[in-house]
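Fold and contact review
Chain by chain, the residues run as shown.
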Amino acid sequence: MNVYLPGIKLNFSLRSTKLFLEPLGSALYDFPLTENYVEFHCFYYLTEKTDLTGFSEVLSGKSFEGAEIPYKWAILSRDGYSGIHVEFYDDPHLLRAFCLIDFHKNTLEISLVPKVTGNVIKVDPLFQPMGSILMVVMAHQQNDVIIHASGVDDDGVGRLFTAVSGTGKSTMAGIWKEKGAKVINDDRLWLHKGNDKWYIFNTPMPYYAQTPSFVELNEIFLIRQSLQNELKQLNGANAAMRFMANAIQHFYDKEMTGRHLDRILDIASKVPIYDCGFKPDVEVVETIRCLGSGQ
Amino acid sequence: MEQKKIFYRLNSDKFVTRQMGSEMVMVPLSNNVADMTSVLTLNEVGGDILKAFVEAATVDEVIAKLLKSYDVDEPTLKLDVEEFIEKAMARGVIDKVSI
């Protein structure tokens with residue numbers, strides 16, 4: 001079984017007879033999304049204990065308040081290896097999961113600790129939250145960016161709308177859909193560079209299957225709700241930093257931060273960034289479409 | 001008695017710095033983790049002052065260096081550099097160092 005991400009092919013195989021992979025969010029990502037990709041071999045198995053010997057924690061986090069299945073996660077490091085450890089507090093089937101990442105051999109070893117030894121376990125290969133964290137780690141490895149943003153393909157023009165939660169990313173995507181644009185995703189995008197251009201991709205989501213889609217990134221909008229539609233092009237470092245603020249940044253050393261900063265500045269140097277106050281109706285679509293026609 | 005010189009130096013371990021056009025971007029690191037909520041941007045002059053402190057330097061040395069590239073009188077530049085140092089020290093961008 002294979003799942004494709006931007007620039008990446010994940011080839012899955014099982015090493016336990018009582019473990020089954022049931023793609024849900026990743027079910028439709030079964031064809032290459034990019035011309036070139038790096039292949040990773042991913043082995044899944046059940047175990048009684050995750051082996052974290054020699055690893056030290058470099059970054060950690062936890063599920064948001066009120067999550068249905070609370071968890072905590074940690075990114076670990078050991079002599080050039082990376083690991084992602086997840087501990088579930090109230091999952092009906094799993095206690096823990098650990099993903100050992102070897103970027104030299106391009107392998108992932110995913111061990112799962114079931115709640116009851118001997119039970120059959122069925123998981124999406126990119127189960128939550130392992131899949132999301134893994135995508136952030138892999139995106140960074142190939143110098144890509146994952147960002148809280150909605151994105152649309154408006155007849156071949158790729159537009160990205162980013163803001164903090166609750167500011168209107170989904171509302172904006174819905175408005176564009178109403179006006180005939182294709183929504184790439186309304187919450188999270190993977191920005192991948194190819195042939196010196198940046199593209200926005202959607203990614204497998206935790207709880208629903210979506211069709212993979214992408215478009216070249218042509219315009220970036222930092223959105224905020226306003227009584228009237230207003231657009232102002234931003235320039236320079238300030239524009240780049242405001243854009244960067246909504247990127248997912250699980251970075252834990254100077255080199256990683258430097259590489260992230262380089263790609264953000266690269267995007268900002270190639271794609272115009274606008275401050276966009278908008279009122280939530282279809283008028284904003286025409287206002288934005290006029291940008292391209294120079295009106 | 002000769003007055004002891006005070007040297008300052010960019011705290012390069014605690015920041016990731018990049019140039020964007022004429023501006024400079026600085027991302028602070030807290031325990032090696034990037035603190036994206038406290039990103040600093042410097043204009044061209046600020047960037048040039050900061051670059052003059054990559055190696056430990058005194059205020060007078062930096063002023064002498066900058067006077068070569070800026071058409072400004074020395075007292076004005078001195079005020080600018082001293083103000084910069086005060087703000088940069090407060091944010092941990094530069095430190096006083098012993099030579």
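Computed from a predicted structure; not experimentally measured.

**Remarks on the overall build of chain A**
Across its full length, chain A holds 5 helices and 18 strands. In terms of overall size, chain A behaves like a compact globule, its C-alpha atoms giving a radius of gyration of 20 Å where 295 residues would be expected to give roughly 19 Å. Taking the principal axes of the C-alpha coordinates as reference, chain A spans close to 65 × 40 × 35 Å. Across the 295 residues in chain A, those meeting the buried criterion constitute 54%.

**Topic: unusual backbone geometry**
All names here are of chain A. The amide bond that connects Gln 128 to the next residue, Pro 129, takes the cis arrangement and shows omega of -5 degrees. Position of Pro 129 among the secondary structure elements: in the loop between β10 (121–123) and α1 (130–141). Of note, Asn 106 is a non-glycine position whose phi angle comes to about 55 degrees, a positive value. In the Ramachandran plot, Asn 195 falls in the positive-phi region, its phi being about 50 degrees despite a non-glycine side chain. Structurally, Asn 195 can be placed in the loop between β14 (188–194) and β15 (197–201). The exposure class assigned to Asn 195 is exposed, which follows from its relative accessible area of 69%.

**Let's talk about the nonpolar core**
All names here are of chain A. Ranked by size, the top nonpolar core spans 48 residues in total, and within it Leu 10, Ile 84 and Phe 127 carry the most contacts. Here this core takes 8 residues from α1, the largest share from any one element. Both domain 1 (2–141) and domain 2 (145–293) contribute no fewer than three residues apiece to this core. Leave out the neighbours within four places in its chain, and Phe 127 touches Tyr 44, Phe 88, Ala 97, Ile 110 and Leu 112. By size, the runner-up hydrophobic cluster in this structure holds 35 residues, among which are Ile 184, Ala 237, Phe 243 and Ile 267.

**Concerning the packing of helix α2 (residues 59–67) of chain B against helix α3 (residues 74–90) of chain B**
All names here are of chain B. In contact at an axis separation of 10 Å, α2 and α3 are set at 125 degrees when each is read in the N-to-C sense. Relative to α3, the element α2 is oriented oblique. Where α2 crosses over α3, the handedness of that crossing is right-handed. In this structure, α2 contributes Val 59, Asp 60, Val 62, Ile 63, Leu 66 and Leu 67 to the contact, and α3 contributes Glu 74, Leu 77, Lys 78, Val 81, Glu 82 and Ile 85. Residue classes in the contact of α2 with α3 are distributed as 8 nonpolar, no polar and 4 charged.

**Thoughts on the domain arrangement of chain A**
Residue and element names in this part refer to chain A. The domain boundaries assigned to chain A delineate domain 1 (2–141) and domain 2 (145–293). The centre of domain 1, based on its C-alpha atoms, is set 27 Å off from the matching centre of domain 2. Taken together, the contacts link 25 residues of domain 1 with 24 residues of domain 2. When domain 1 packs against domain 2, close to 2400 Å² is buried across both sides, 72% of that on carbon and sulfur atoms. In terms of surface lost to domain 2, no three residues of domain 1 exceed Pro 6, Tyr 29 and His 140, which account for 28% of the buried area on that side. Connecting domain 1 to domain 2 are 0 salt bridges. Run the count over domain 1 and domain 2 and you get 6 residue pairs in polar contact (both at pLDDT 80 or more). Elements supplying a minimum of two residues to the side of domain 1 that touches domain 2: β5 (56–62), β6 (71–78) and α1. Counting residues per element, the side of domain 1 that touches domain 2 draws most heavily on α1, at 6 residues. The class makeup of the residues in the side of domain 1 that touches domain 2 is 16 nonpolar, 9 polar and no charged.

How each quantity is defined
- Residues numbered from 1 in each chain as written.
- Chains lettered and ligands numbered in written order.
- Predicted model: local features only at pLDDT ≥ 70, side-chain atom pairs only at ≥ 80, totals over all residues.
- Heavy atoms only, no water.
- Helix = DSSP H or I, 4+ residues; strand = E, 2+ residues; numbered from the N terminus.
- Rg over C-alpha atoms; globule rule 2.2 N^0.38 Å.
- Buried < 20%, exposed > 50% of the residue type's maximum accessible area, 1.4 Å probe, protein only.
- Core = buried A, V, L, I, M, F, W, Y, C linked by side-chain atoms within 4.5 Å.
- Domains from an automatic or database assignment.
- Contact = heavy atoms within 4.5 Å.
- Axes fitted to C-alpha atoms, helices over the stretch in contact; angles between N-to-C directions.
- Parallel < 35°, antiparallel > 145°, perpendicular 65-115°, else oblique.
- Left-handed = near helix turned anticlockwise from the far one by under 90°.
- Nonpolar A, V, L, I, M, F, W, Y, C, P; charged D, E, K, R; others polar.
- Buried area = accessible area lost by both parts, 1.4 Å probe.
- Salt bridge = Lys/Arg side-chain N within 4 Å of Asp/Glu carboxyl O.
- Polar contact = N/O pair within 3.5 Å; in protein donor to acceptor, adjacent residues only side chain to side chain.

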